[in-house]
Amino acid sequence: MSDPKDLPEGAQPAEAPRRAIKSFVTRAGRMGTGQIKALAELGPKFVLPYKPERLDLAATFGRSAPVVLEIGFGMGGATAEIAQTLPDHDFIGCEVHEPGVGALLKLIDEKQIGNIRIVQHDAVEMLRDMVGEGVLAGVHIFFPDPWHKKRHNKRRLIQPAFVAQLVQHLAPGGYLHCATDWQPYAEQMLEVLSAEPQLQNTAAGYADKPAYRPLTKFEARGLRLGHGVWDLVFRKR
């Protein structure tokens with residue numbers, strides 16, 4: 001922003017450009033030896049480079065199957081389990097945290113999972129530039145950063161503009177499945193998703209946890225302590 005002292009009389013300082021939505025917060029993390037090896041050996045096969053061009057999904061997976069995008073898969077444990085549970089689906093996991101990418105690659109190798117590909121890039125840009133409209137069977141967003149402080153709520157991923165973008169890439173009847181363990185965020189998710197005219201709730205409010213979503217150790221511990229977890233499943237009209 002310009003220094004007001006340097007402006008001509010009567011001129012107003014220019015507003016700072018508004019920051020674009022990001023699907024992530026950069027976090028430092030140490031890479032284990034196995035993760036480093038997995039990145040080097042398996043990355044060329046399973047990690048798709050970010051390019052501002054549409055993916056040919058059938059060519060990417062070597063078959064025609066429903067494709068689900070997962071945004072922010074963390075260390076990849078749930079992603080690997082879901083891909084094994086739904087072998088007739090293909091999965092693209094979007095994650096910027098390199099140790100998480102290495103961890104999921106290790107799981108892909110150990111469990112011989114063939115229906116996962118990874119994009120190590122911001123999901124907002126990846127979705128915009130690499131995914132065609134109306135091609136996704138589903139989108140998973142599990143336990144995104146809740147940004148607990150009220151002044152940070154605007155940084156939450158589930159906002160009207162981003163949901164509208166997601167909907168454009170869903171096929172008719174495709175679903176959006178969100179989950180969170182932070183009730184205020186769950187309430188915001190329900191409000192935002194319910195307000196999107198192209199989405200329809202599959203439940204009267206929050207949904208039961210779908211069978212394909214595994215219970216994580218962190219989630220199970222929270223439930224034992226009486227903490228809540230909220231799933232929301234909406235379908236494109």
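Attention in this report is confined to the structure presented alongside it. (Residues numbered from 1 in each chain as written. Predicted model: local features only at pLDDT ≥ 70, side-chain atom pairs only at ≥ 80, totals over all residues. Heavy atoms only, no water.)

1. Let's talk about the pattern of salt bridges
- According to the stated counting rule, one finds 4 salt bridges in the structure shown.
- In this structure, the salt-bridge partner of Asp 90 is Arg 63, at a minimum N-O distance of 2.6 Å. Note that Asp 90 is positioned in strand β2 (residues 90-94) and Arg 63 in the loop between α2 (57-61) and β1 (67-71), a separation of 27 residues in sequence.
- Overall, Asp 90 belongs to the buried group, its relative accessible area being 2%.
- The closest approach of N and O atoms between Asp 129 and Arg 128, which form a salt bridge, is 2.8 Å.
- Owing to a relative accessible area of 15%, Asp 129 belongs among the buried residues under this scheme.
- Among the charged side chains, a salt-bridge network with shared partners connects Arg 213, Glu 219 and Asp 231. (Salt bridge = Lys/Arg side-chain N within 4 Å of Asp/Glu carboxyl O. Helix = DSSP H or I, 4+ residues; strand = E, 2+ residues; numbered from the N terminus. Buried < 20%, exposed > 50% of the residue type's maximum accessible area, 1.4 Å probe, protein only.)

2. Quick notes on the sheet that holds β2
- On the basis of which strands lie adjacent, the open sheet formed by 7 strands has the order β3-β2-β1-β4-β5-β7-β6 and mixed pairing. If you trace the sheet from one side to the other, it starts and ends with β3 (116-119) and β6 (199-201), each paired once. Here the strands of the sheet are splayed against their neighbours by 20 degrees on average, with no regard to which way each runs.
- As paired strands, β6 and strand β7 (residues 230-236) are joined by 3 bridges and run antiparallel to one another. Across the sheet, the residue bridging to Leu 199 is Lys 236, located in β7. (Pairing = 2+ DSSP bridges. Axes fitted to C-alpha atoms, helices over the stretch in contact; angles between N-to-C directions.)

3. Quick look at a positive patch on the surface
- On the surface, Lys 149, Arg 151, Lys 154 and Arg 155 cluster together into a patch of positive charge.
- Within the secondary structure, Lys 154 is located in the loop between β4 (136-142) and α6 (160-169).
- Using a relative accessible area of 67% as the deciding quantity, one classes Lys 154 as exposed. (Patch = residues over 30% accessible without salt bridge, like charges linked within 9 Å, V, L, I, M, F, W, Y side chains within 5 Å. Areas by Shrake-Rupley, 256 points an atom, 1.4 Å probe, with all protein chains shown as cover. Lys, Arg positive; Asp, Glu negative; His and termini not counted. Charge placed at Lys NZ, Arg CZ, Asp CG, Glu CD.)

4. Describing the packing of helix α1 (residues 33-46) against helix α4 (residues 98-111)
- With their axes 8 Å apart at the nearest point, α1 and α4 run at an angle of 75 degrees to one another. Classified by the interaxial angle, the pair formed by α1 and α4 is roughly perpendicular. Across the interface between the two elements, Gly 34, Gln 35, Ala 38, Leu 39, Leu 42, Gly 43 and Phe 46 from α1 touch Glu 98, Pro 99, Val 101, Gly 102, Ala 103, Leu 105, Lys 106, Ile 108 and Asp 109 from α4.
- Residues belonging to the contact of α1 with α4 are distributed by class as follows: 9 nonpolar, 4 polar and 3 charged. (Parallel < 35°, antiparallel > 145°, perpendicular 65-115°, else oblique. Contact = heavy atoms within 4.5 Å. Nonpolar A, V, L, I, M, F, W, Y, C, P; charged D, E, K, R; others polar.)

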